[in-house]
Amino acid sequence: MTSSGQTQAGQATAPLLVLASASPRRIALLEQIGLVPDRVLPANIDETPAKGETPRAYAQRVATEKARCVAATLEDPALVLAADTVVALGRRILPKAEDRESARFCLERLSGRRHTVLTCVVVAPTASWPLGRHGTRLVETAVTFSRLTPYQIDALLDAGDWSGKAGGYALQGHAAGFIRALSGSASGVIGLPLFETGQLLRGQPGGWLA
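Residues numbered from 1 in each chain as written. Predicted model: local features only at pLDDT ≥ 70, side-chain atom pairs only at ≥ 80, totals over all residues. Heavy atoms only, no water.

## Describing the nonpolar core
1) Next: By size, the foremost hydrophobic cluster in this structure holds 23 residues, and its most contacted members are Leu107, Leu110, Phe145, Leu148 and Tyr169.
2) Next: Taken together, the elements giving at least two residues each to this core come down to strand E3 (78–89), helix H3 (100–110), strand E6 (135–145) and helix H4 (150–159).
3) Next: A per-element tally of this core places H3 first, with 4 residues.
4) Next: By size, the runner-up hydrophobic cluster in this structure holds 19 residues, among which are Val18, Ile45, Tyr58 and Val86. (Core = buried A, V, L, I, M, F, W, Y, C linked by side-chain atoms within 4.5 Å. Buried < 20%, exposed > 50% of the residue type's maximum accessible area, 1.4 Å probe, protein only. Helix = DSSP H or I, 4+ residues; strand = E, 2+ residues; numbered from the N terminus.)

## Some thoughts on the pattern of salt bridges
1) Next: A full pass over the atoms with the stated rule returns 10 salt bridges.
2) Next: With a shortest N-O distance of 3.4 Å, Glu47 and Lys96 are connected by a salt bridge. Here Lys96 lies in the loop between strand E4 (92–93) and H3 and Glu47 lies in the loop between strand E2 (39–40) and helix H2 (55–71), a separation of 49 residues in the sequence.
3) Next: The partly exposed category is assigned to Lys96, whose relative accessible area is 36%.
4) Next: The network of salt bridges with shared partners includes Glu53, Arg61 and Glu65. (Salt bridge = Lys/Arg side-chain N within 4 Å of Asp/Glu carboxyl O.)

## Some thoughts on the confidence of the model for the protein chain
1) Next: Here the protein chain shows a mean pLDDT of 92. Residues at 70 or above account for 93%.
2) Next: For the stretch residues 5–12, pLDDT sits under 50, and the model shows 8 contacts to residues farther than four places along the chain or on other chains. (pLDDT = per-residue confidence, 0-100. Contact = heavy atoms within 4.5 Å.)

## Details of the environment of Asp158
1) Next: With respect to the helices and strands, Asp158 occurs in helix H4.
2) Next: Here the alpha-carbon distance between Asp158 and Arg100, two residues 58 residues apart in the chain, equals 8.8 Å.

## Focus on the UniProt feature "active site" (unreviewed entry) in the protein chain
1) Next: Per the UniProt entry, the sites bearing "active site" (unreviewed entry) are Asp84 in this numbering.
2) Next: Within the secondary structure, Asp84 is located in strand E3.
3) Next: Given a relative accessible area of 1%, Asp84 falls into the buried group.
4) Next: Separated by 3.2 Å, the side chains of Asp84 and Lys66 make a polar contact. (UniProt positions renumbered as here; feature names shortened; annotations may be inferred. Polar contact = N/O pair within 3.5 Å; in protein donor to acceptor, adjacent residues only side chain to side chain.)

## Some thoughts on the pairing of strand E5 (residues 114–125)
1) Next: Across the 12 residues of E5, 10 count as buried, placing the element largely inside the fold.
2) Next: Both E3 and E5 contribute to a ladder of 10 bridges, which runs antiparallel. Along E5, the bridge assignment pairs Val86 with Leu118.
3) Next: As judged from the 10 bridges shared by E5 and E6, these two strands associate in the antiparallel manner. Within the sheet, the bridge partner assigned to Cys120 lies in E6 and is Leu138. (Pairing = 2+ DSSP bridges.)

## Thoughts on the environment of Thr141
1) Next: By secondary structure assignment, the location of Thr141 is in strand E6.
2) Next: Judged by relative accessible area, which is 2%, Thr141 ranks as buried.
3) Next: Measuring from C-alpha to C-alpha, the distance between Thr141 and Glu31 comes to 22 Å, with 110 residues separating the pair along the chain.
4) Next: Not counting the four nearest positions on each side in its chain, Thr141 is found in contact with His115, Thr116, Val117, Leu182, Ser183, Gly184, Ser185 and Val189.

Pasting the structure below:
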């Protein structure tokens, strides 16, 4: 496996691939399709939803702002890849679980219900790489939880893999045992829809992906 900034012998070196996220999940997902970011630079932006903002609009706005924020700080030719994942019940955006109570709040509302996970992926070239192309993909996935008992919710909270997760659960974690149905992109629920990410990278000049 090679860094994305390196291409096969005889080809020009591609610009750097910069991931605008420190998420271990997104790094691992990129590695799954053979890519290792040249740099990992989390974006420092305000992720507070605007009043009346829909989940779809929020995911697109935040992912775009992350990409633009990081691209503006780089002088090297690079392509910035950013993503944002939102868990929504109708038009309601559920929070990222930062403590046990916010995780419980989410799980109690998701119990026995179908919800939507939206992940927006954005690629933005730096000013020093004028050949690069801006691109956006928004992926929606329907996820249905079984009905959770209070004991099961406590067990999920004790497992601890809800920390920092949108909607208070991780598909790749203990909650997977309670997900009755999923229609859409599993990798999108985890944090980076791989098919759409691959499309965006293949659309760039140079040897990003086969």
